[in-house]
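Per-entry structural report
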Amino acid sequence: MRMKLTLLAFAYLIVSGLLLATAYKSTGPITTPKTDRVAVFQMERFAG
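A few points on the structure. (Residues numbered from 1 in each chain as written. Predicted model: local features only at pLDDT ≥ 70, side-chain atom pairs only at ≥ 80, totals over all residues. Heavy atoms only, no water.)

1. Section: the overall build of the protein chain
In terms of helices and strands, the protein chain carries one helix and zero strands. Taken across its 48 residues, the protein chain has 0% of its residues classed as buried. (Helix = DSSP H or I, 4+ residues; strand = E, 2+ residues; numbered from the N terminus. Buried < 20%, exposed > 50% of the residue type's maximum accessible area, 1.4 Å probe, protein only.)

What follows is the structure, encoded as structure tokens:
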């Protein structure tokens with residue numbers, strides 16, 4: 001019984017980690033171009 005609970009806990013941690021990793025990676029490339037565009041826009045606007 002204790003061995004099953006230990007394996008279940010490890011499986012839960014691994015699956016949670018994989019889900020968090022995929023969720024984090026999917027939002028990265030989407031937000032990066034937007035922030036770059038805002039930074040470029042502000043630099044061009046206030047450059048002079």
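2. Examining a nonpolar patch on the surface
Residues Phe10, Tyr12, Leu13, Ile14 and Leu18 make up a contiguous nonpolar surface patch of roughly 610 Å² in combined accessible area. Tracing the chain through its elements places Tyr12 in helix α1 (residues 2–45). Take Tyr12: its relative accessible area is 58%, and that puts it in the exposed class. (Patch = residues over 30% accessible without salt bridge, like charges linked within 9 Å, V, L, I, M, F, W, Y side chains within 5 Å. Areas by Shrake-Rupley, 256 points an atom, 1.4 Å probe, with all protein chains shown as cover. Salt bridge = Lys/Arg side-chain N within 4 Å of Asp/Glu carboxyl O.)

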